[in-house]
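# Commentary on secondary and tertiary structure
Residue-level listing of the chains:
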Amino acid sequence: DDDACFVDHLVPADVVDGAGRLLVHGIDIPNGNAHQKFVEYVGLEWRGEFMTDFPVFLWRDMLRDLRAWVVSFAMNETLSEKSRVTKTQFWKGWELLCKRVSTATNMTGHTGWLSEYDLIMNFAWSTHWRSRYRWLIAPDNVSLGIAVHGALVENQCPTHEQV
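Everything quoted here is computed from the prediction, not taken from an experiment.

## What about the packing of aromatic side chains?
Two aromatic rings are characterised by how far apart their centres lie and by the angle between their planes. The final tally for this structure, using the stated rule, is seven aromatic pairs. Aromatic side chains Phe90 and Trp91 sit 4.9 Å apart centroid to centroid with 70 degrees between the ring planes, which places their arrangement in the edge-to-face category. What makes Phe90 buried here is its relative accessible area of 14%. Measuring from centroid to centroid gives 5.2 Å for Trp125 and Trp135, while their planes differ by 85 degrees, and the two rings are edge-to-face. With Trp125 in helix α4 (residues 116–126) and Trp135 in strand β3 (residues 133–138), this residue pair connects regions lying 10 residues apart in the sequence. Here Trp125 and Trp135 have matching classes, each one buried. Three or more aromatic residues joined by ring pairs form one cluster here, namely Phe50, Trp125, Tyr133 and Trp135. Lying over the aromatic face of Trp125, Arg130 brings its terminal NZ or CZ to 3.8 Å of the ring centre. The ring of Trp59 carries Arg132 above its face, with NZ or CZ at 4.1 Å from the centroid.

The structure is reproduced here in structure tokens:
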């Protein structure tokens, strides 16, 4: 996120646990919201919101599976093996997915509800990637963040004294 500011040191234990799983911080807000409607509409299990703590860590190899899922869900196609075609397929699939969700959920024109972090991490939760992460979801698992949004402190990163 372009307005996230580190407020503490980042050490390996902030990224990965002893079993080699990436740590994922999020929050589960009961009774749903627009982010949850989006995730559930596209057929994924809802685990929570993930634009809550930065940085967001994910397995690079998972991105190919995510792109393949977007292309399959939105276009009913198989992801190409050719990188230039894959890129075009993905962005066309993403556009179709967003339009379809916007129309189906009566959220046309509302841009703030579609979170790529929520889609990526709920995709991980809904697939075989779930076991590759350690899910630290509030309110059950409260964790101390290492980053905050700059918007919280007069649109700039806080000083050490402000933290």
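Next comes the rest of the account.
## A word on the environment of Trp69
Mapping Trp69 onto the fold places it in helix α2 (residues 62–75). For Trp69, a relative accessible area of 18% puts it in the buried group. Between the C-alpha atoms of Trp69 and Gly93, which are 24 residues apart in sequence, the distance is 9.4 Å. Every residue in contact with Trp69, bar those within four places of it in the chain, is listed here: Val42, Leu44, Leu97, Leu119 and Phe123.

## Examining the nonpolar core
Residues Phe38, Trp69, Tyr133 and Trp135 are the most contacted members of the largest nonpolar core, which totals 33 residues. Of all the elements in the fold, those that place two or more residues in this core are β2 (22–27), α1 (34–41), α2, α3 (83–104), α4 and β3. In terms of residue count, α4 provides more of this core than any other element does, seven residues in total.

## Observations regarding the pattern of salt bridges
Here the structure, examined in full by the defined rule, presents five salt bridges. The residue Arg130 makes a salt bridge to Glu45 at a minimum N-O spacing of 3.2 Å. Note that Arg130 is positioned in the loop between α4 and β3 and Glu45 in the loop between α1 and α2, a separation of 85 residues in sequence. Glu45 gets classed as partly exposed once you look at its relative accessible area, which sits at 41%. Taking the shortest distance from any N to any O, the salt bridge between Lys99 and Glu95 comes out at 3.1 Å. Taken together, the residues span about one helical turn, with Lys99 and Glu95 both in helix α3 at a distance of four residues. Owing to a relative accessible area of 43%, Glu95 belongs among the partly exposed residues under this scheme.

## Observations regarding the packing of α2 against α4
Two elements in contact, α2 and α4, have axes separated by 11 Å at closest approach and are oriented at 100 degrees. As summarised for this structure, α2 and α4 are arranged roughly perpendicular, according to the angle between their axes. In this structure, α2 contributes Met62, Asp65, Leu66 and Trp69 to the contact, and α4 contributes Leu119, Ile120, Phe123 and Ala124. Tallied by class, the residues present in the contact of α2 with α4 amount to seven nonpolar, no polar and one charged.

## Concerning unusual backbone geometry
One non-glycine residue, Asn76, lies in positive phi territory at about 55 degrees. Positionally, Asn76 belongs in the loop between α2 and α3.

Cut-offs and rules
Residues numbered from 1 in each chain as written. Predicted model: local features only at pLDDT ≥ 70, side-chain atom pairs only at ≥ 80, totals over all residues. Heavy atoms only, no water. Phe/Tyr/Trp six-rings, centres within 6.5 Å; stacked < 30°, edge-to-face > 60°. Buried < 20%, exposed > 50% of the residue type's maximum accessible area, 1.4 Å probe, protein only. Helix = DSSP H or I, 4+ residues; strand = E, 2+ residues; numbered from the N terminus. Lys NZ or Arg CZ within 6 Å of the ring centre and 35° of its normal. Contact = heavy atoms within 4.5 Å. Core = buried A, V, L, I, M, F, W, Y, C linked by side-chain atoms within 4.5 Å. Salt bridge = Lys/Arg side-chain N within 4 Å of Asp/Glu carboxyl O. Axes fitted to C-alpha atoms, helices over the stretch in contact; angles between N-to-C directions. Parallel < 35°, antiparallel > 145°, perpendicular 65-115°, else oblique. Nonpolar A, V, L, I, M, F, W, Y, C, P; charged D, E, K, R; others polar.

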